[in-house]
Amino acid sequence: MKITDTIDRADQEAYLEFVRTLFADSRSLIVGAVLQVLIMMIVLYDTRFMPILLFIAGVFISSSWRIYIGHRYELATANLDTQDIAERVKSAENWENQYILPSALSAANVGVFCYFGLQVSDTELALSAVLCLMFTPLPTIVGRLYGSLKLVGYMLFGLFAPVITGYFTHGDIPHFLLGMMCIPYVLLVLNMVKNVRGTVMSAVHGNAEKVALGKRFDVALSNMSHGLIMFDTSQRISVINDM
């Protein structure tokens, strides 16, 4: 087997594992949704801005949608390991695309809420809650969603585009500059995601190369016409072939 073939196989296996993790922990999704609702309720209590109830409903809808897709994924992939790797990758791409829509809508729901929250919040409590809700998804985006740059792009756009638009349309230079400063921050987060993905894939490729070289070494030892035995510095057998 060529090393390049082994690396390609490792890439496919890594992608399959990434897609599996999207649906693996519904409890974290539920906890995140509950925290979003609680923060929105704090802003609602402080501002009495009743349309916030619509965003709370949006949290329930998007979270329920993702949980439902996760349940369907578990049922559909129960016996997927028996299929060819190419078919499994194709199926994983389909499930990833299904996951992107509710995730992007969830991010957009938070982003639009933050836009209105910044407009109507007059107290330190409400402003702190809005900013907390806007930035808390970023560790998840960097540390968990790095496998799909497409998903990351949609979520970052949904989170920050409404807020940046609000700053740009506020009508004064300080808010315009604040909106401009958000853009390099979003690009920085996207670059962090790429770096995390690159680090993970480099480790995957390195392990795949070691596996491929090990298999080549075993084949070479097994097909030698003479016996071979090698010792380590403690005079213990480290390599031996079968005659």
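The rules behind the values
In this convention, every chain numbers its residues from 1, walking through the sequence in written order. Per-residue local features of the predicted model are confined to residues with pLDDT of at least 70, and side-chain atom pairs are confined, for both listing and counting, to 80 or more; whole-chain, interface and lining totals are unaffected and use all residues. Calculation of side-chain values draws on the structure's entire complement of heavy atoms; hydrogens and water are dropped beforehand. Two strands qualify as a pair provided that DSSP identifies no fewer than 2 bridges between them. For the purposes of this entry, the term helix denotes a DSSP run of H or I that reaches at least four residues, the term strand denotes a run of E that reaches at least two, and both are numbered from the N terminus. We call Phe, Tyr and Trp rings a pair once their centres come within 6.5 Å, taking the six-membered ring for Trp, and we label the pair stacked below 30 degrees between planes, edge-to-face above 60, and tilted otherwise. Criterion for a charge above a ring: Lys NZ or Arg CZ within 6 Å of the ring centre, and within 35 degrees of the ring normal.

Participant: Give me the pairing of strand β2 (residues 237-240): which residues, what numbers.
Facilitator: One ladder, built from 3 bridges, connects strand β1 (residues 229-231) with β2; its direction is antiparallel. Following the sheet pairing, F231 is matched in β2 by I237. Between the end of β1 and the start of β2, which pair antiparallel, lie 5 residues, with Q235 showing a positive phi angle near 60 degrees.

Participant: With reference to specific residues and values, describe the packing of aromatic side chains.
Facilitator: According to the stated counting rule, one finds 13 aromatic pairs in the structure shown. Each ring, one from F55 and one from F116, has its centre 6.1 Å from the other, and the planes form 40 degrees; the classification is tilted. Of this pair, F55 sits in helix α3 (residues 52-76) while F116 sits in helix α4 (residues 85-120), and the two are 61 residues apart along the sequence. Following the ring pairs from residue to residue traces out a cluster consisting of F49, F55, F113, Y115 and F116. Directly above the ring of Y45 sits R48, whose terminal nitrogen or CZ lies 4.9 Å from the centroid.

That's the geometry; what it means functionally is another story.
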